[in-house]
Amino acid sequence: MSCKVVLAQGISVSYREELKNTIKARNICPKLVGFLANEDPAAAKYAEWTAKTCAETGVEFELRKCSRNDLEDKIVEANQDAGVHGIMVYYPVFGDRQDQYLQNVVDVSKDVEGLHHKYVYNMYHNIRFLDEAKTKKCIIPCTPLGLVKVMEYVGVYNGILPHGNRLHGRVVTIINRSEIVGRPLAALLANDGAKVYSVDINGIQEFHRGVGLQLKKHEVSETTLTVEDVLPLSDVVITGVPSPSYKVPSHLIRDGAVCINFSTFKNFDGDEIKKKASIYVPAVGKVTVAMLERNLVRLYDYQAQDRASSTA
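All residue numbers refer to positions counted from 1 along the written sequence of the respective chain. Local features in this predicted model are restricted to residues whose pLDDT is 70 or higher, and side-chain atom pairs enter the listing and the counts only when it is 80 or higher, whereas totals over whole chains, interfaces and linings include all residues. Hydrogens and waters are ignored; side-chain quantities use all the structure's heavy atoms.

The protein has the name Methylenetetrahydrofolate dehydrogenase [NAD(+)] in an unreviewed UniProt entry, where Linnemannia exigua is given as its organism. UniProt lists a comment for the protein under the heading Sequence similarities (unreviewed entry), and it reads "Belongs to the tetrahydrofolate dehydrogenase/cyclohydrolase family." UniProt positions are given in the numbering used here, feature names are shortened, and annotations may be inferred rather than shown by experiment. Looking at the protein in UniProt, the text filed under Subunit (unreviewed entry) is "Homodimer."

Next up, the structure:
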């Protein structure tokens with residue numbers, strides 16, 4: 001088989017080493033607080049990965065467990081604590097709009113997950129910096145950002161093209177349209193020039209920037225297409241279906257496609273997908289944690305800049 005299996009650990013190594021060296025050289029100790037207010041085993045596993053990676057990198061990580069009814073007050077306490085540089089919450093908590101509310105309770109200056117409305121608005125409108133001087137990059141949600149880095153690593157992004165257009169000509173199908181990963185990822189990839197088919201249980205939407213990338217930011221249109229229509233067209237197929245029984249139909253995958261799974265379950269049949277894909281990435285969790293730490297160091301620096309400017 002000609003398929004190359006690429007593991008998240010190998011992709012994350014360079015980012016983790018860079019972070020480790022930066023933290024050591026600058027003699028800093030950014031602190032990240034994670035809140036766990038559910039019984040989700042996937043969230044507990046993510047928290048375990050986070051703690052282990054932070055310990056190796058030099059980030060101080062504290063997991064705070066609480067009931068979901070106490071969570072808002074606990075977040076506010078962490079917002080007000082100058083010793084906490086980043087905050088994350090292991091979702092789902094309530095599993096509804098109340099989770100969206102909690103995402104905005106986290107102070108924007110400490111939101112390592114990039115889920116605050118300000119970051120979400122900027123991402124969907126293709127605004128890449130927080131300030132006019134372009135010294136502060138926006139924080140991007142960790143898993144979508146991790147998936148972008150995976151795609152860069154395996155060569156989906158075309159380095160010859162200018163930043164912001166490097167997916168021009170690529171067709172990507174994402175089987176997941178959650179507000180945490182699938183929809184933000186579709187927007188990010190479309191803003192970088194791809195034509196994206198976003199699949200969920202209700203149908204397929206197309207995210208794009210028009211012919212010749214004439215649009216400054218992506219637009220979304222409803223389609224009558226099916227998975228049977230879009231998979232054979234796709235250079236890249238990304239899946240995040242939270243079900244052990246779901247499998248992407250391998251026979252529909254275009255020969256030589258890049259296939260990436262970010263679900264905690266195996267959405268691709270490992271043996272069958274290797275017969276069709278040129279590159280297969282079975283998981284991305286370790287890249288996601290590396291992006292979380294990267295966002296934390298960035299926020300640590302922004303907070304330091306803000307303190308310096310307020311005392312100048």
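Resuming the write-up.
Student: Explain a negative patch on the surface to me, please; I cannot follow it from the model alone.
Tutor: Patch definition: residues above 30% relative accessible area lacking any salt bridge, with like charges linked at up to 9 Å and the nonpolar side chains Val, Leu, Ile, Met, Phe, Trp and Tyr linked at up to 5 Å. The Shrake-Rupley method, run with a 1.4 Å probe, gives the accessible areas here. Residue values count only the displayed protein chains as cover. By definition, a salt bridge exists where a carboxyl oxygen of Asp or Glu is found within 4 Å of a side-chain nitrogen of Lys or Arg. All tallies of charge rest on Lys and Arg as positive and Asp and Glu as negative; His and the ends of each chain are not included. Where a charge lies is defined by one atom per residue type: Lys uses NZ, Arg uses CZ, Asp uses CG and Glu uses CD. A cluster of like negative charges, contributed by Asp 70, Glu 72, Asp 73 and Glu 77, occupies part of the molecular surface. Put simply, DSSP marks the helices as runs of H or I at least four residues long and the strands as runs of E at least two long, and each gets a number from the N terminus on. Note that Asp 73 resides in helix α3 (residues 71-80).

Student: Whenever I open this one, the side chain of His 208 confuses me. Can you help?
Tutor: Tracing the backbone through its elements, the reader meets His 208 in strand β7 (residues 203-208). Look at His 208 and you get buried, because its relative accessible area is 14%. At 3.0 Å, the side chain of His 208 and the backbone nitrogen of Gly 210 are in polar contact. Once residues lying within four places of it in the same chain are set aside, the contact partners of His 208 are Ala 190, Ala 194, Leu 215, His 218, Glu 219 and Ser 221. Relative accessibility decides the category of a residue: with a 1.4 Å probe and only protein chains considered, values under 20% of the type maximum give buried, values over 50% give exposed, and everything between is partly exposed. What qualifies as a polar contact is a pair of N or O atoms within 3.5 Å, subject to a donor-acceptor requirement within protein and to the restriction that residues adjacent in sequence count only when both atoms come from side chains. Residues count as neighbours in contact if any of their non-hydrogen atoms are within 4.5 Å of one another.

Student: Please clarify how the packing of helix α2 (residues 41-57) against helix α10 (residues 285-311) should be interpreted in this entry.
Tutor: Relative placement of two packed helices is described by the angle separating their axes and the distance separating the axes. For the pair α2 and α10, the least separation of the axes is 10 Å and the interaxial angle reads 55°. Compared by their axis directions, α2 and α10 come out oblique. Crossing angle aside, the handedness with which α2 passes α10 is right-handed. Of the residues in α10, those touching α2 at Tyr 46, Trp 49, Thr 50, Thr 53, Cys 54 and Thr 57 are Gly 285, Thr 288, Val 289, Leu 292 and Glu 293. Any residue outside Ala, Val, Leu, Ile, Met, Phe, Trp, Tyr, Cys, Pro, Asp, Glu, Lys and Arg is labelled polar, Gly included; the first ten of those are nonpolar and the last four are charged. Tallied by class, the residues present in the contact of α2 with α10 amount to five nonpolar, five polar and one charged. Inter-axis angles, ranging from 0 to 180 degrees, are taken between N-to-C directions of lines fitted to C-alpha atoms, where helices are fitted over the stretch in contact. We call two directions roughly parallel when the angle between them is under 35 degrees, roughly antiparallel when it is over 145, roughly perpendicular when it lies between 65 and 115, and oblique otherwise. Helix crossings fall into two classes, left-handed where the near helix is turned counterclockwise from the far one by less than a right angle and right-handed where it is turned clockwise.

Student: Is there a simple way to explain the sheet that holds strand β3 (residues 60-65) in this structure?
Tutor: In a beta sheet, neighbouring strands are held together by backbone hydrogen bonds and run either parallel or antiparallel to one another. Strand order in this open sheet of three strands is β3-β2-β4, and the pairing throughout is parallel. Of all the strands in the sheet, the pair left with one neighbour each is β3 and β4 (86-89). Neighbouring strand axes in the sheet, compared pairwise and without regard to direction, differ in orientation by 20° on average. With respect to the sheet, α2 is in contact with β2 (31-36), β3 and β4, its orientation differing from that of β3 by roughly 155°. Of the strands in this sheet, β2, β3 and β4 are in contact with α3, which crosses β4 at around 165°. Strand pairing follows a simple DSSP-based rule, namely that at least 2 bridges must link the two strands.

Student: Just to check I follow, could you spell out the UniProt feature "domain: Tetrahydrofolate dehydrogenase/cyclohydrolase NAD(P)-binding" (unreviewed entry) in the protein for this structure?
Tutor: Within this structure's numbering, the places UniProt gives as "domain: Tetrahydrofolate dehydrogenase/cyclohydrolase NAD(P)-binding" (unreviewed entry) are residues 141-201. Helix makes up 36% of residues 141-201 and strand 18%, with an end-to-end C-alpha separation of 23 Å.

Student: Please clarify how unusual backbone geometry should be interpreted in this entry.
Tutor: With the exception of glycine, most residues fall at negative phi, and the peptide bonds are largely trans. Put simply, Tyr 91 and Pro 92 share a cis peptide bond, and its omega is 0°. For Pro 92, the location among the structural elements is in the loop between β4 and α4 (97-105). If you check the backbone angles, Lys 134 has positive phi at about 60° while not being a glycine. Inspection of the secondary structure puts Lys 134 in the loop between α5 (117-124) and α6 (142-153).

Student: Which parts of the structure should I look at to understand the nonpolar core?
Tutor: Across soluble globular proteins, you tend to see nonpolar side chains buried next to one another. Within the largest apolar cluster, 34 residues are counted, with the highest numbers of intra-cluster contacts made by Met 151, Val 172, Leu 189, Val 196, Ile 238 and Ile 260. Secondary structure elements with two or more residues in this core: α1 (8-26), α5, α6, β5 (171-175), α7 (182-191), β9 (236-239), β10 (258-261) and β11 (279-281). Per-element tally for this core: the top contributor is α7, with six residues. Leaving out residues up to four positions away in the same chain, Ile 238 has contacts with Leu 147, Met 151, Val 172, Thr 173, Ile 174, Ile 175, Leu 185, Leu 189, Ile 260 and Phe 262. The definition of a nonpolar core used throughout is a set of buried Ala, Val, Leu, Ile, Met, Phe, Trp, Tyr and Cys residues joined through side-chain atoms within 4.5 Å.

Student: When you look at α4 in this model, what are you seeing that I'm missing?
Tutor: Looking only at α4, the buried set comprises Asp 99, Leu 102, Gln 103 and Val 105. Each buried residue of α4 lies within a common arc of 155° when the element is viewed along its axis, so the set occupies one face. Where the residues of α4 are buried, they touch α3. In this description, the arc belongs to the directions extending from the helix axis to the C-beta atoms.

Student: Can you walk me through empty space enclosed by the protein in this structure?
Tutor: Any space left empty among the atoms is revealed by the rolling of a water-sized probe across them. Here a cavity means grid points, on a 1 Å grid over the protein atoms only, where a 1.4 Å probe fits yet cannot get out; a pocket means an open set of points with protein on both sides within 12 Å along at least five of seven lines; lining residues are those with an atom within 4 Å of a point. Grid points are joined across faces, edges and corners, and a volume is the space filled by probe spheres set on the points. This structure, assessed with the given rule, holds one cavity of 30 Å³ or more. Volume-wise, the largest cavity comes out at about 40 Å³. Taken together, Val 89, Tyr 91, Gln 103, Val 106, Asp 111, Glu 113 and Leu 115 make up the full set of residues lining the largest cavity. For the lining of the largest cavity, the per-class residue count stands at four nonpolar, one polar and two charged.

Student: How should I be thinking about the domain arrangement of the protein in this particular structure?
Tutor: A common way to express how large an interface is: the accessible area buried when the components associate. An automatic or database domain assignment supplies the start and end points of every domain. Entries for the protein in the domain assignment read domain 1 (27-108) and domain 2 (144-286). One C-alpha centre belongs to domain 1, the other to domain 2, and the line joining them spans 28 Å. Summed over both partners, the accessible surface that disappears when two parts come together, traced with a 1.4 Å probe, is what is meant by buried area. Summing both partners gives a buried area of about 290 Å² for domain 1 against domain 2, and 76% of it is carried by carbon and sulfur. Connecting domain 1 to domain 2 are zero residue pairs in polar contact (both at pLDDT 80 or more). Mapped by element, the contributors of at least two residues to the side of domain 1 that touches domain 2 are α2 and α4.

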